[in-house]
Every structure is written in C-alpha cells, then in structure tokens.
Amino acid sequence: MILEARGVCAGYRDVGIVHDVSFELESGEVLCLLGPNGVGKTTLFKSLLGFIPFSAGGLYVDGRAVDHRRRKETVLLIGCVPQVHEPPFPFVVIDVVVMGSIARTDAFAGPGRDAFDEADELLELLGIAYLRNRVYTEISGGERQMVLIARALMQNPSFLMMDEPTSSLDFGNQMRVLAQICALAHRGVGIIMTSHFPDHAFLCCDKAAVMSRTSPFRVADVGDIVCEETLEEAYGIPVKVASLDVPEHPDGTVTTCVPLLKTKAHPCPCGEEGLFGVDGRVR
Ligand SMILES: Nc1ncnc2c1ncn2[C@@H]1O[C@H](COP(=O)(O)OP(=O)(O)OP(=O)(O)O)[C@@H](O)[C@H]1O
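Residues numbered from 1 in each chain as written. Predicted model: local features only at pLDDT ≥ 70, side-chain atom pairs only at ≥ 80, totals over all residues. Heavy atoms only, no water.

Under the annotation held in an unreviewed UniProt entry, the protein carries the name Iron ABC transporter ATP-binding protein and is attributed to Gordonibacter pamelaeae.

S.K.: Please give an account of the packing of aromatic side chains that cites residues and values.
M.R.: If you walk through the whole model with that rule in mind, you get zero aromatic pairs. The aromatic ring of Y136 is capped on one face by R144, whose charged end is 5.3 Å from the ring centroid. (Phe/Tyr/Trp six-rings, centres within 6.5 Å; stacked < 30°, edge-to-face > 60°. Lys NZ or Arg CZ within 6 Å of the ring centre and 35° of its normal.)

S.K.: Residue-level account of helix α4 (residues 113–125), with values.
M.R.: End to end, α4 covers 18 Å across 13 residues, agreeing with the expected 18 Å (1.5 Å per residue, within 8%). All of the buried residues along α4 are A115, F116, A119, L122 and L123. Down the axis of α4, the buried side of the element spans an arc of 120°, and every buried residue falls inside it. Those residues of α4 that are exposed and angled more than 90 degrees off the buried face are R113, D114, E121 and E124. The inward-facing, buried residues of α4 abut α3 (93–99) and α5 (141–154). Of the residues flanking the end of α4, it is G127, one or two places downstream, whose phi is positive at about 75°. (Helix = DSSP H or I, 4+ residues; strand = E, 2+ residues; numbered from the N terminus. Expected span 1.5 Å × (residues − 1). Buried < 20%, exposed > 50% of the residue type's maximum accessible area, 1.4 Å probe, protein only. Arc of directions from axis to C-beta. Contact = heavy atoms within 4.5 Å.)

S.K.: Can you lay out the layout of surface pockets for me, pointing to particular residues and giving the numbers?
M.R.: A volume near 610 Å³ is recorded for the largest pocket. Along the wall of the largest pocket there are 26 residues; nearest its centre are D199, H200, F202, L203 and T255. Elements supplying a minimum of two residues to the lining of the largest pocket: α6 (171–186), α7 (198–204), α9 (228–235) and β12 (253–259). Tallied by class, the residues present in the lining of the largest pocket amount to 17 nonpolar, seven polar and two charged. Along its surface, the second largest pocket is lined by 23 residues, and F51, C80, P82, R151 and Q155 are the ones closest to its centre. Those elements that provide at least two residues to the lining of the second largest pocket are α1 (41–48), α2 (71–77), β6 (78–81) and α5. (1 Å grid on protein atoms, 1.4 Å probe; cavity = no way out; pocket = protein on both sides within 12 Å on 5 of 7 lines; lining within 4 Å. Points joined across faces, edges and corners; volume = space filled by probe spheres on them. Nonpolar A, V, L, I, M, F, W, Y, C, P; charged D, E, K, R; others polar.)

S.K.: Account for the site of the ligand, naming residues and giving values.
M.R.: In the region of the ligand, 15 residues are neighbours, and N37, G38, K41, T42 and T43 sit closest. At a separation of 3.2 Å, an oxygen atom of the ligand approaches a polar backbone atom of V39. Here an oxygen atom of the ligand and a side-chain polar atom of K41 are 2.7 Å apart. In the complex, 62% of the free accessible area of the ligand, which totals 640 Å², lies under the protein chains. By residue number, the principal contributor to the shell around the ligand is α1, which donates four residues. Its residues placed into classes, the shell around the ligand shows four nonpolar, seven polar and four charged. (Near = heavy atom within 4 Å. Polar contact = N/O pair within 3.5 Å; in protein donor to acceptor, adjacent residues only side chain to side chain. Areas by Shrake-Rupley, 256 points an atom, 1.4 Å probe, with all protein chains shown as cover.)

S.K.: Go over the sheet that holds strand β5 (residues 64–65), please, and point to the residues and values.
M.R.: The strand order across the open sheet built from four strands is β2-β1-β4-β5, with neighbouring strands paired in antiparallel fashion. With partners counted over all chains shown, the strands left at the sheet margins are β2 (15–26) and β5, one partner each. Two strands pair when backbone bridges link them, and strand β1 (residues 2–12) and β2 are joined in this way by eight bridges, in the antiparallel orientation. Looking across to β2, one finds that A5 is bridged to F23. Contacts from α1 reach β1, β2 and β4 (56–61) within the one sheet, and its direction differs from that of β1 by about 115°. (Pairing = 2+ DSSP bridges. Axes fitted to C-alpha atoms, helices over the stretch in contact; angles between N-to-C directions.)

S.K.: Talk me through the pattern of salt bridges; I want residue IDs and the actual numbers.
M.R.: Scanning the model with the defined rule gives five salt bridges in all. With a closest N to O distance of 3.1 Å, E4 and R6 form a salt bridge. With a closest N to O distance of 3.3 Å, E29 and K207 form a salt bridge. On the criterion of sequence distance, the pair formed by E29 in the loop between β2 and β3 (30–34) and K207 in strand β9 (residues 207–210) is long-range, its members being 178 residues apart. (Salt bridge = Lys/Arg side-chain N within 4 Å of Asp/Glu carboxyl O.)

S.K.: Describe in detail the environment of I17, supporting the description with residues and values.
M.R.: With respect to the secondary-structure elements, I17 resides in strand β2. Using a relative accessible area of 24% as the deciding quantity, one classes I17 as partly exposed. I17 sits 169 residues away from H186 along the chain, and the two C-alpha atoms are 33 Å apart. Leaving out residues up to four positions away in the same chain, I17 has contacts with A10, G11, Y12, V39, G40 and T43.

Structure below.
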C-alpha cells in the first residue's frame with residue numbers, strides 16, 4: 001500500500017501553518033518528520049488524521065482519496081500515537097489498550113475475550129506486561145507512551161502516525177521504542193514519526209522530511225536530507241554529521257549528528273553564547 005499526501009495545506013481559522021506538504025510512504029517504510037518547535041509537525045499530523053480540515057490538497061491510499069468523514073474506515077487505516085494523552089477517568093492499563101480495538105468491534109457488542117488476549121500479547125511484545133493492572137493515570141510518562149503504542153496497535157492499522165514517540169522516555173527506553181518501530185515496519189506497517197533528535201532518523205528511518213520556517217517542505221532518503229546544511233538551516237545551530245566505524249554493528253558504521261556546543265575546555269572565542277561552527281566560524 002502507498003500512503004500519499006498531495007499538496008496538503010492546513011492551519012487554524014485563517015492562519016496557515018502547514019504549506020504544500022507532499023510525500024509518499026510505502027507499507028513497511030518509516031518516515032521521520034523533523035523540524036523546530038512550533039513549525040507545524042503536530043498540525044500536519046492532525047490534518048492527516050482528519051482532526052482539522054485540509055485547506056488544500058488531500059491524502060490518498062493507493063491513489064484513492066481518504067475520506068475523513070468515514071471515521072471508522074480512516075481509523076482502521078491509520079493509527080495514531082498522540083504526543084500527550086490525559087484520559088478523563090483513571091482506567092486500568094489493559095482497558096486503555098483494549099479501547100484501541102473499538103473501531104473494529106461491533107458498536108453494541110463491546111470487546112470480547114479475544115480483544116483482551118490480543119491486548120495481553122501486545123503488552124508482552126512491548127515488554128510492559130507488568131503494567132497490565134496498573135491505573136493508567138498513575139504510571140510514568142514513558143510507561144504511558146508504551147501503553148499508547150499498544151493501544152494504537154490494537155487497531156491493526158496499515159499506517160501509524162507517532163507524534164514524538166520517544167518524548168519523556170529515558171535513553172534506553174527511547175532505543176527500545178525505536179527498535180519496536182523497526183519491528184513494526186518489518187511486519188509491514190508504514191510509520192510516520194516526529195522526533196527532535198535527527199539521530200533517530202539515522203537509527204530507524206528510511207526517509208526523513210524537514211519542516212522549516214524558511215524553506216519549503218522537503219522529503220528524501222535519510223542519507224540525502226539529514227545533513228549539516230539542512231539541520232543548520234532548520235534548527236539554526238551548527239551541526240556535524242559524522243560516520244563512525246563500529247565493527248560490532250551489522251552495517252560496520254553508524255552515522256550520528258553532533259551539535260557543536262561551546263564547552264568549558266574550549267570556550268567560544270567571540271562572545272556568542274554557546275555554539276561554534278565546524279569551520280571555526282562563530283555562529
Ligand atoms: N489549536 C490551535 N489553535 C491555534 N493555533 C494553534 C493550535 N495548536 C497549535 N497552534 C499553533 O500552530 C503552530 C504549530 O504548532 P504545532 O503544535 O503543530 O507545532 P510542532 O511543530 O508540533 O511543535 P513542537 O515541536 O513544539 O511540538 C504554533 O504556532 C502553535 O502555536
């Protein structure tokens with residue numbers, strides 16, 4: 001399957017936030033959406049998920065326009081892991097996960113034994129079975145993030161949109177979530193995720209897109225777009241992208257992105273706070 005955004009524009013009332021966004025995502029591919037705070041990544045997600053209308057353009061699956069008025073159809077096609085989630089009631093974790101199956105359940109029947117078994121399997125798969133009977137509002141932010149991923153997977157969606165899936169996770173859990181993203185992609189789920197860490201694109205994504213206040217929306221293979229020039233332009237800081245030889249890694253090398261900070265040992269010579277460039281120029 002191919003999910004395709006064509007010339008999507010969206011915003012709030014008369015204010016345009018998302019301008020002319022186009023990309024293609026195949027089943028099993030992972031796309032990382034990068035860009036500074038407030039540039040419109042969540043707004044783009046909201047429009048693609050049908051929570052706010054497109055002011056132009058549209059979303060297509062295998063060339064067929066997605067009609068967001070057919071809510072159930074959309075929900076089964078595209079799952080969502082939101083950035084923040086405050087449930088109105090203190091549900092137990094297993095019930096939060098089972099709620100993800102509601103879109104594919106008979107409206108009057110409610111979830112059956114199968115749904116609970118499936119939810120248990122997902123909790124196991126994601127390594128959070130120990131949270132099964134905990135109250136969702138009483139678990140940590142990172143644990144909630146994992147529960148929300150399980151809930152989204154209960155929909156068994158073809159595509160998954162994950163808004164900062166690693167926010168509030170510790171270093172190890174960030175990597176565990178990225179590993180789960182890779183595993184889901186191997187199972188054929190097409191994933192769009194946002195991240196504030198360009199390294200996440202190197203770690204688990206096929207494509208990356210960059211939203212910036214000064215340039216049009218761009219999307220390309222990770223190696224082509226996550227580069228010093230693009231990152232410096234998007235985030236306004238000097239950055240070095242480097243490949244390291246890592247014989248233990250199956251690829252033999254890993255690519256990483258390093259922001260160039262002034263350090264105590266090597267202070268920036270000219271008064272500009274915090275940052276200096278790769279070429280020695282102070283930014
Ligand atoms: N409900 C709303 N009504 C009006 N403006 C909004 C609304 N939600 C967000 N905005 C504005 O839209 C712009 C884009 O916000 P958005 O949350 O999409 O950015 P973002 O790239 O996801 O940011 P972050 O990386 O900080 O999460 C911001 O200027 C924000 O203030």
